[in-house]
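Listed below are the residues making up each chain.
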Amino acid sequence: MIVKIWHGPRQRIGHLGNAQGHFNVLGHVDDYSAISELYYRLNGGEKTALAIGRAPNGFGDGRRLARSGHFNADIPTSLLHDGDNHIDIVAIDLDGNECASSMVVEKCAGSAPLPYHIEWDTIHTPQDVGQFVDGCWSVGPAGLRTQHTGYERLFLIGCDAWTDYQITVPITIHAVDPLLGPYSCDNGLGVIMRFAGHVEDSAPEQPSWAYRPFGAVAWLRWKDGPDMPPQKQFYRGDGDERRNFGEFPIIEGKTYALRAACVDAGNGLSTYRCAVWEAGEDAPTEWDWQVQLADEGAHSRGGIALVAHHVNASFGDAEIRPL
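What counts, and at which threshold
- Per chain, residue numbering runs from 1 following the sequence as it is written.
- Given that the model is predicted, a residue must reach a pLDDT of at least 70 before its local features are reported, and side-chain atom pairs must reach 80 or more before they are shown or counted; all residues, however, enter totals for whole chains, interfaces and linings.
- Side-chain measures here rest on the full set of heavy atoms in the structure, leaving out hydrogens and waters.
- The rule is short: rings of Phe, Tyr and Trp, with Trp giving its six-membered ring, pair when the centres are within 6.5 Å, and they are stacked under 30 degrees, edge-to-face over 60, tilted in between.
- By the criteria applied, helices consist of DSSP H or I runs no shorter than four residues and strands consist of E runs no shorter than two, each listed in order from the N terminus.
- Between buried and exposed lies partly exposed: a residue is buried under 20% and exposed over 50% of the maximum accessible area for its type, with that area taken using a 1.4 Å probe on protein chains only.
- The definitions used throughout rest on a 1 Å grid laid over the protein atoms alone, on which a cavity is an enclosed set of points accommodating a 1.4 Å probe that cannot get out and a pocket is an open set flanked by protein within 12 Å on both sides along at least five of seven lines; lining residues are those having an atom within 4 Å of a point.
- Grid points are joined across faces, edges and corners, and a volume is the space filled by probe spheres set on the points.
- When residues are sorted by character, Ala, Val, Leu, Ile, Met, Phe, Trp, Tyr, Cys and Pro go into the nonpolar class, Asp, Glu, Lys and Arg into the charged class, and all the rest, Gly among them, into the polar class.
- Here, a strand pair is defined by DSSP locating no fewer than two bridges between the strands.
- Note on method: axes are straight lines fitted to C-alpha atoms, helices fitted across the in-contact stretch only, with angles between N-to-C directions ranging 0 to 180 degrees.

**Quick word on the packing of aromatic side chains**
Thought 1: Applying the stated criterion across every chain, the model contains twelve aromatic pairs.
Thought 2: Between Y116 and W162, the aromatic rings sit 5.7 Å apart at their centres with planes inclined by 70°, giving edge-to-face as the arrangement. Linking Y116 in strand β9 (residues 116–118) with W162 in the loop between β13 (153–157) and β14 (165–176), this pair joins segments that are 46 residues apart in sequence. Each member of the pair, Y116 as well as W162, carries the same accessibility label: buried.
Thought 3: When the ring of Y211 is compared with that of F214, the centres are 6.3 Å apart and the planes differ by 25°; the resulting orientation is stacked.

**Re the layout of surface pockets**
Thought 1: Considering only enclosed or pocket space, the largest pocket measures out at about 200 Å³ in volume.
Thought 2: Surrounding the largest pocket, 15 residues form its lining, Y183, C185, Y211, Y235 and R242 being those nearest its centre.
Thought 3: Class assignment for the residues of the lining of the largest pocket results in seven nonpolar, two polar and six charged.

**Things to note about the sheet that holds strand β7 (residues 83–93)**
Thought 1: Strand order across the open sheet formed by five strands is β2-β8-β7-β4-β5, with mixed pairing between neighbours. Edge positions in the sheet fall to β2 (10–13) and β5 (47–49), since each of these pairs with one other strand and no more. Averaged over neighbouring strand pairs, the angle between their axes works out to 30° when direction is ignored.

**With respect to the sheet that holds strand β16 (residues 216–222)**
To summarise the sheet geometry, strands pair through backbone hydrogen bonds and adopt either a parallel or an antiparallel arrangement.
Thought 1: The seven strands are arranged β10-β13-β22-β15-β16-β17-β18 in an open sheet whose pairing can be described as antiparallel. This sheet does not close on itself; its edge strands, each paired only once, are β10 (131–132) and β18 (242–247).
Thought 2: Across seven bridges, the pairing between strand β15 (residues 187–195) and strand β22 (residues 303–309) is antiparallel. Paired with F195 across the bridge in β22 is G303.

In short, geometric facts, not functional conclusions.
In structure tokens, the structure reads:
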């Protein structure tokens, strides 16, 4: 039995401002079927029970725990003190044997002013420029890439002070999952604008999986199946409404460019925009879609999350500028 924490034994939070209300400790436990208890302990305090992915179909819990054996400790940043915080992830098997892995998360004070530019080959770790929310990530030749596909693999950029901005990012599509989890609906790939983290519902879980409200999602959505061309889709941040704006045929292995924007439109409204094109071609002069959304239910501020939902993809160098 081995407890593995992803992304290193020393991590940090707050150096880019406040992006969400939790710090996520991500990892997996091998021989998960023999685990009777899994918990985390912060700074030697009380233990907090963790869920572990163990669905027989291999999809973990069907949501944020994408594979059997995965865990995700949603630790409120309000519980972290300034400086170093020690976190232990402890697993106990059916025979009472205990295995633990530890890490340190440093709580810092910082900001992420716009404009914001990410060049993956110049950074030491992705956490220098963003925050891991779900999944195991690494930097490869095409940029930041998920190490395993699954339900909403998320990497969060920016902070809760961001309001009006535009992101341009190349995305290389390596493969689209042929199978989906029980709650996954369709494959999707793109960005979530004004995302501020997951929220606890009436029955809090570890990790929480409720993801609304946010601003809006701009992405490619394979609503007709992974073998068909995806739709250019808008997904509102305060409900289930989705609007499709035509097919965008893709070729696996190719790189495409996505540009998305959110801006205050006045009178309690925001305008969301998106365009997608083949990388290397001239950027279009028109948006593929523009949608106005009331801020009353959706977020009017927040960072931007790169999201790969059952798609094996790499996100290249990103440019985010204020509007």
